[in-house]
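# Coordinate inspection notes
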Amino acid sequence: MSLLKEFKEFAMRGNVIDMAVGVIVGGAFGKIVTSLVNDIIMPGVGVITGGANFSEFKYVLQPEQVDGVTKEVITPEVAITWGAFVQTVVDFLIIAFCIFLAIKVMNKLMRKKKVEEEPAPAPAEPTKEEVLLTEIRDLLKQQTGKN
């Protein structure tokens, strides 16, 4: 029974719950970015490249073999789908950039909050040398008549 209790304590810690929320939000954010790449950015890139769809770009290693009579595929095509890879790389770069911006904004807010919360440090007490020099300065002012 103690194993179950330990697991419950572990699962209910703030860090684990925060991490779970982060994973869920990250998954949803990934879907949004994938849609942005597939539905908005890549069609624009396709227009620029002459109407090409990157997800269809591939290097065929072995073409598919089809039965001439039944039109049934005997052996499927073997290809390196490098266009889909390019699309995934663009997807990753956008996600990484968005995360970078989000962390940058969060760090800026945290620094601003930290500065607001921290009171100004009290001035340091003068050292013995500074006290002695102040006394000497005051004595010199008295001797010259400049009060």
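Since the structure is predicted, the reported quantities are computational estimates derived from the model, not experimental observations.

## Here we look at the overall build of the protein chain
Assigned secondary structure in the protein chain consists of four helices and four strands. Listed N to C, the secondary structure of the protein chain is α-α-β-β-β-β-α-α in terms of helices and strands. For 147 residues, the compact-globule estimate of 2.2 N^0.38 gives 15 Å, and the protein chain exceeds it by more than 25% at 34 Å. Principal-axis analysis of the C-alpha atoms gives the protein chain an extent of 120 × 60 × 25 Å. At a minimum sequence separation of 6, the contacts of the protein chain that also span at least 24 residues come to 39%. Entry remark: accessible area of the protein chain is about 12,800 Å², with carbon and sulfur atoms responsible for 67%. Of the charged side chains in the protein chain, 16 are positive and 18 negative, and the gap between their average positions amounts to 9 Å.

## A short note on the nonpolar core
Judged by nonpolar contacts, Val 33, Val 37, Met 42, Phe 54 and Ile 94 together constitute the single largest core of five residues. Considering each element in turn, this core owes the most residues, three residues, to helix H2 (residues 14-48). Leave out the neighbours within four places in its chain, and Phe 54 touches Met 42, Val 45, Thr 49, Gly 83, Ala 84, Val 86 and Gln 87.

## Focus on a positive patch on the surface
Residues Lys 104, Lys 108, Arg 111 and Lys 112 make up a contiguous surface patch of positive charge. Topologically, Lys 104 is positioned in helix H3 (residues 82-117).

## Structural notes on a nonpolar patch on the surface
A grouping of Tyr 59, Leu 61, Val 78, Ile 80 and Trp 82 is seen on the molecular surface, where their side chains present a nonpolar patch of about 510 Å² in accessible area. Sorting the residues of the nonpolar patch by element identifies strand E1 (59-62) and strand E4 (78-80) as the ones contributing at least two each. Here Ile 80 lies in strand E4. The exposure class assigned to Ile 80 is partly exposed, which follows from its relative accessible area of 45%.

## Focus: the pattern of salt bridges
A full pass over the atoms with the stated rule returns two salt bridges. Glu 77 is the partner of Lys 58 in a salt bridge, and the nearest nitrogen-oxygen pair spans 2.7 Å. Here Lys 58 is found in the loop between H2 and E1, whereas its partner Glu 77 is found in the loop between strand E3 (73-75) and E4, with 19 residues between them in sequence. Arg 137 is the salt-bridge partner of Asp 138, the closest N and O atoms lying 3.2 Å from each other. Accessibility expressed as a relative area gives 34% for Asp 138, which makes it partly exposed.

## Notes on the environment of Ala 52
Relative to the elements of secondary structure, Ala 52 occurs in the loop between H2 and E1. The class of Ala 52 is buried, set by a relative accessible area of 19%. The spatial distance from the C-alpha of Ala 52 to the C-alpha of Gly 22 is 36 Å, given a sequence separation of 30 residues. In this structure Ala 52 touches Gly 46 and Phe 57, once residues within four positions along its chain are discounted.

## Here we look at helix H4 (residues 128-144)
Taking 1.5 Å of rise per residue, the 17 residues of H4 would be expected to cover 24 Å, and the 25 Å separating its terminal C-alpha atoms lies within 8% of that figure. Where H4 terminates, the next one or two residues include Gly 145, which has phi positive at roughly 85°.

## Considering H3
Taking 1.5 Å per residue, 36 residues should reach 52 Å; H3 reaches 52 Å between its end C-alpha atoms and fits that length. Considered for burial, the residues of H3 that qualify are Gly 83, Gln 87, Asp 91 and Ile 94.

Rules of the game
Residues numbered from 1 in each chain as written. Predicted model: local features only at pLDDT ≥ 70, side-chain atom pairs only at ≥ 80, totals over all residues. Heavy atoms only, no water. Helix = DSSP H or I, 4+ residues; strand = E, 2+ residues; numbered from the N terminus. Rg over C-alpha atoms; globule rule 2.2 N^0.38 Å. Contact = heavy atoms within 4.5 Å. Areas by Shrake-Rupley, 256 points an atom, 1.4 Å probe, with all protein chains shown as cover. Lys, Arg positive; Asp, Glu negative; His and termini not counted. Charge placed at Lys NZ, Arg CZ, Asp CG, Glu CD. Core = buried A, V, L, I, M, F, W, Y, C linked by side-chain atoms within 4.5 Å. Buried < 20%, exposed > 50% of the residue type's maximum accessible area, 1.4 Å probe, protein only. Patch = residues over 30% accessible without salt bridge, like charges linked within 9 Å, V, L, I, M, F, W, Y side chains within 5 Å. Salt bridge = Lys/Arg side-chain N within 4 Å of Asp/Glu carboxyl O. Expected span 1.5 Å × (residues − 1).

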